[in-house]
Amino acid sequence: MSRYWSPLVHRLTPYVPGEQPKLPRLIKLNTNENPFPPSPRVVAAISDELANSAEALRLYPDPNADRLKEAIAARYATAGISGRQVFVGNGSDEVLAHTFAALLNHLSPILFPDITYSFYPVYCALYDIDYRTVPLNEQFEICLDDYRQPNGGIIFANPNAPTGGLLSLPAIENLLAAWQDSVVVIDEAYIDFGGESAIPLVNRFPNLLVVHTLSKSRSLAGLRVGYAVGNEELIEALERVKNSFNSYPLDRLALVGAIAALADERHFEKTRRAVIDSREQLRQDLLALGFEVLPSAANFIFVRHPRHDACEISVLLRQQGIIVRHFKLPRIEQFLRITIGTTAECQGLVAALSEILGQSLSPQ
Ligand SMILES: *Cc1c(COP(=O)(O)O)cnc(C)c1O
């Protein structure tokens, strides 16, 4: 607290990201990064850009990121997406922040699940947006019928985080058809690990905005690139906010790196497959240890043990150099969110867990 702070700052409760430890050799399964490196083409493109020393870092990047938008549109050409229907930002967190300011700030409260990406209420506080949470059902699934109530906008993650649960495209289409008066934002950060994107619906529903990131399925969390696809009217709103905030959110290296990543479909397919296979193996191994494992279409799983306390398990794992995510939040405090690692990392986790569960832990 300080008398120099604005009243807004006094009211903020910022998002707390998962730990990025400075220690080497940890098995890091806490922030849903991809365990595989990005496409070698990304590194090559960034090196090429840097080799062009006359221009590389001296000149500002393209404020409109036109080449990147065209590359993203090309990927969804069969859905009839053009570059003018694409918005890019410094990570999808920035895209989401602008979305809250530009499209989700109306008179009525917006709706999102009670258990979802915990950045959403943080943006609401920053922009002074009223919201109502809609509870997941007993199976921790989103029920879209519950969103058919007056609202100033709807946002949910699909697959949801931190549960991993997936909604089908027909269910989403039903909601969009029934509710055309407010903007529906779908955060598809994890869609490439097992879901079907709603981007093909964009040209039929002018109120739909789909948000993606290169952080998870393209292994580029460190480069900070996210994007949104939607009707031109929605995109223009995002551009207005962005151009009132920062004209150059993506630097030259991020622009060329992102374009190179999107061009390497083989690497994408290979690594995405490997993560999915690893997820199914880990699921089996944890079921064998007695965990309940929620169905996941993401690069993480959400698990609880009927007899052992989640927080205690996470502390004991940490002592063995393995970090997973535990949220001290209502309804989910007995769950752990575990990012899918390489086969070796997952085996290390399973070995540590079977040792921990063999010890006498206090019951929940
Ligand atoms: C990881 C994540 C993001 C943010 O990704 P960045 O592009 O790295 O900012 C957004 N939404 C959800 C649900 C996520 O899990």
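Here the residue numbering is sequential within each chain, running from 1 through the sequence in written order. In keeping with the predicted nature of the model, local features appear solely for residues at pLDDT of at least 70, side-chain atom pairs appear and are counted solely at 80 or more, and the whole-chain, interface and lining totals rest on all residues. Hydrogen atoms and water are omitted, and side-chain values are computed over all heavy atoms in the structure.

Topic: the overall build of the protein chain
Where helices and strands are cited, they refer to DSSP runs of H or I of at least four residues and of E of at least two residues respectively, numbered from the N terminus. Across its full length, the protein chain carries 11 helices and 12 strands. Against the 2.2 N^0.38 benchmark of 21 Å for 364 residues, the protein chain shows a C-alpha radius of gyration of 21 Å, consistent with a compact globule. Along the first, second and third principal axes, the C-alpha set of the protein chain runs to 60 × 55 × 55 Å. Note on areas: Shrake-Rupley with a 1.4 Å probe; residue coverage comes only from the protein chains shown. Carbon and sulfur atoms make up 53% of the accessible area of the protein chain, which totals about 16900 Å². Distance from the positive charge centre (33 side chains) to the negative charge centre (40 side chains) of the protein chain: 4 Å. The globule rule used for comparison is 2.2 Å times the number of residues to the exponent 0.38, while the radius of gyration itself is calculated over C-alpha atoms. Charge convention: Lys and Arg are scored as positive, Asp and Glu as negative, and His as well as the terminal groups of each chain are ignored. Where a charge sits is defined by one atom per residue type, namely NZ (Lys), CZ (Arg), CG (Asp) or CD (Glu).

A word on empty space enclosed by the protein
A cavity, in this analysis, means grid points on a 1 Å lattice covering only the protein atoms where a 1.4 Å probe fits yet has no way out; a pocket is instead an open set bounded by protein on both sides within 12 Å along at least five of seven lines, and a residue lines either one if it has an atom within 4 Å of a point. Grid points are joined across faces, edges and corners, and a volume is the space filled by probe spheres set on the points. Scanning the model with the defined rule gives 3 cavities of 30 Å³ or more in all. When its volume is computed, the largest cavity comes out at roughly 70 Å³. Around the largest cavity sit 14 residues that line it, and Pro 63, Ala 65, Val 88, Lys 242 and Pro 249 are the ones nearest its centre. For the lining of the largest cavity, the secondary-structure elements that each account for two or more residues are strand E2 (86-89) and helix H7 (232-242). Here the lining of the largest cavity is built from residues that sort into 8 nonpolar, 2 polar and 4 charged. Quantified by volume, the second largest cavity comes out at close to 50 Å³. If you tally residues by element for the lining of the second largest cavity, the top one is helix H9 (residues 265-288), at 3 residues. Residues were grouped as follows: Ala, Val, Leu, Ile, Met, Phe, Trp, Tyr, Cys and Pro as nonpolar; Asp, Glu, Lys and Arg as charged; and all remaining residues, including Gly, as polar. Its residues placed into classes, the lining of the second largest cavity shows 3 nonpolar, 5 polar and 2 charged. A domain-level breakdown of the lining of the second largest cavity finds at least three residues from each of domain 1 (7-38 + 266-357) and domain 2 (40-264). Where each domain begins and ends is defined by an automated method or by a domain database.

Notes on the packing of aromatic side chains
Pairing of aromatic rings covers Phe, Tyr and the six-membered ring of Trp, with a centre-to-centre limit of 6.5 Å; geometry is then stacked below 30 degrees between planes, edge-to-face above 60, and tilted otherwise. One pass over the structure, following the stated rule, counts 14 aromatic pairs. Pairing Phe 100 with Tyr 123 gives two aromatic rings, centres 5.2 Å apart and planes at 40 degrees, and the pair type is tilted. Taken together, the residues span a long stretch of sequence, with Phe 100 in helix H4 (residues 91-103) and Tyr 123 in helix H5 (residues 119-127) at a distance of 23 residues. For every residue, the accessible area (1.4 Å probe, protein chains only) is compared with the maximum for its type, and the residue is labelled buried under 20%, exposed over 50%, or partly exposed between those bounds. Tyr 123 gets classed as buried once you look at its relative accessible area, which sits at 5%. Seen in terms of ring centroids, Phe 112 and Tyr 120 are 5.8 Å apart; in terms of plane orientation they differ by 70 degrees. Their pairing is edge-to-face. In terms of burial, Phe 112 and Tyr 120 fall into one category: buried. Site record: aromatic cluster; members linked through ring pairs are Tyr 15, Phe 100, Phe 112, Tyr 117, Phe 119, Tyr 120, Tyr 123 and Tyr 131.

Considerations on helix H3 (residues 66-75)
Listed as buried for H3 are Leu 68, Lys 69, Ile 72 and Ala 73. All buried residues of H3 lie within an arc of 135 degrees about the axis, which places them on one face of the element. Exposed positions of H3 whose direction lies more than 90 degrees from the buried face are Arg 67 and Ala 74. Throughout, a contact is declared for two residues whenever any of their heavy atoms are within 4.5 Å. Turning to H3, the residues buried within the fold contact E2, strand E8 (226-230), H7 and helix H8 (252-263). Each C-beta atom gives one direction from the helix axis, and the arc is the one those directions make.

Looking at a nonpolar patch on the surface
The patches described consist of residues with a relative accessible area above 30% and no salt bridge, like charges being joined within 9 Å and nonpolar side chains (Val, Leu, Ile, Met, Phe, Trp, Tyr) within 5 Å. Salt bridges are defined as contacts in which a side-chain nitrogen from Lys or Arg sits within 4 Å of a carboxyl oxygen from Asp or Glu. A cluster of nonpolar side chains, contributed by Met 1, Tyr 4, Trp 5, Val 9, Leu 12 and Leu 126, occupies part of the molecular surface with about 660 Å² of accessible area. Take Met 1: it is sitting in the segment before helix H1 (7-11).

Looking at the domain arrangement of the protein chain
Examined at the domain level, the protein chain breaks down into domain 1 (7-38 + 266-357) and domain 2 (40-264). Relative placement of domain 1 and domain 2: their C-alpha centres are 24 Å apart. The interface of domain 1 with domain 2 comprises 34 residues on the first partner and 35 residues on the second. In short, buried area is how much 1.4 Å probe accessible area vanishes from two parts on joining, totalled over both. At the boundary of domain 1 with domain 2, total buried surface from both sides reaches about 2800 Å², with 63% on carbon and sulfur atoms. Area buried by domain 1 at its contact with domain 2 is led by Tyr 15, Phe 268 and Arg 331, which between them contribute 27% of it. Our enumeration of links across domain 1 and domain 2 arrives at 1 salt bridge. For Asp 114, the salt bridge identified is with Arg 331, shortest N-O distance 2.9 Å.

With respect to the site of the ligand
The nearness test applies per residue and asks whether one of its heavy atoms lies within 4 Å of the molecule or strand. Every residue near the ligand is listed here: Gly 91, Ser 92, Asp 93, Leu 96, Tyr 117, Asp 187, Ala 189, Tyr 190, Thr 213, Ser 215, Lys 216 and Arg 224. Two N or O atoms count as a polar contact when they lie within 3.5 Å, although within protein this holds only if one can serve as hydrogen donor and the other as acceptor, and sequence-adjacent residues are included solely when both atoms are side-chain atoms. A distance of 2.7 Å is found between a nitrogen atom of the ligand and a side-chain nitrogen or oxygen belonging to Asp 187. Here Arg 224 contributes a side-chain N or O atom positioned 2.8 Å from an oxygen atom of the ligand. Within the complex, the protein chains bury 93% of what would otherwise be the 390 Å² of accessible surface of the ligand. Among the elements that make up the shell around the ligand, the one with the highest residue count is H4 (4 residues). Split by residue class, the shell around the ligand holds 4 nonpolar, 4 polar and 4 charged.

Focus: the sheet that holds strand E10 (residues 300-304)
By definition, the strands of a sheet pair up through backbone hydrogen bonds, in either a parallel or an antiparallel sense. Taking strand neighbours across the sheet as the criterion, the 3 strands line up as E9-E10-E12 in an open arrangement whose pairing is antiparallel. The sheet is open, and its two borders are formed by strand E9 (292-293) and strand E12 (336-339), each paired with just one other strand. Two strands pair if DSSP finds at least two bridges between them. Alignment of E9 against E10, held across 2 bridges, turns out to be antiparallel. Bridging from a neighbouring strand, Glu 292 pairs with Arg 304 of E10. Axis angles are defined between N-to-C directions and span 0 to 180 degrees, where every axis is a line fitted to C-alpha atoms and, for a helix, only to the segment in contact. Lying over the sheet, H9 contacts E9, E10 and E12, oriented at roughly 10 degrees with respect to E10.

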